[in-house]
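Remarks on the overall topology
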Amino acid sequence: AYAAAASSQVETVGAGGGRSSSASSVVKKQQSASEEKVKMIDLNPPRGTRDFLPAEMRVQKWLFSKFAQVSEMYGFDEIMAPVLENE
């Protein structure tokens, strides 16, 4: 989205070949608006994720506890990794 917004900006060129001051302020305002959009948080759930209801959560907790018990029996240590990573 940012690249599309940047490529659609219109600039005015003065006689000296540079931007006129009014065109510069318009471009700066457009860039500021684009940067604000980039910083906004997407509230939609990430693709491939879902919620677990209580009944499903009980089964998942039971299963994960069994994984942990067996792993511990064989000398493995637990690690914590991020659930989601930036693309």
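Reading guide: rules and limits
- Residues numbered from 1 in each chain as written.
- Predicted model: local features only at pLDDT ≥ 70, side-chain atom pairs only at ≥ 80, totals over all residues.
- Heavy atoms only, no water.
- Helix = DSSP H or I, 4+ residues; strand = E, 2+ residues; numbered from the N terminus.
- Patch = residues over 30% accessible without salt bridge, like charges linked within 9 Å, V, L, I, M, F, W, Y side chains within 5 Å.
- Areas by Shrake-Rupley, 256 points an atom, 1.4 Å probe, with all protein chains shown as cover.
- Salt bridge = Lys/Arg side-chain N within 4 Å of Asp/Glu carboxyl O.
- Buried < 20%, exposed > 50% of the residue type's maximum accessible area, 1.4 Å probe, protein only.
- pLDDT = per-residue confidence, 0-100.
- Contact = heavy atoms within 4.5 Å.

Let us look at the overall build of the protein. Within the protein, the regular secondary structure consists of three helices and zero strands. For the protein, the sequential pattern of α-helices and β-strands runs α-α-α.

Take a nonpolar patch on the surface next. Nonpolar side chains collect at one region of the surface, where Trp62, Leu63, Phe64 and Phe67 lie side by side and expose about 440 Å² of accessible area between them. Secondary-structure assignment places Phe67 in helix H3 (residues 54-73). The exposure class of Phe67 is partly exposed, given its relative accessible area of 47%.

Moving on: the confidence of the model for the protein. Confidence in the prediction of the protein, expressed as mean pLDDT, is 73, and 53% of residues score 70 or more. The least confident element of the protein, judged by mean pLDDT, is helix H1 (residues 2-7) at 44; the most confident is H3 at 96. Every residue in residues 1-17 scores below 50 in pLDDT, and together they form 16 contacts with partners more than four places removed in sequence or on other chains.

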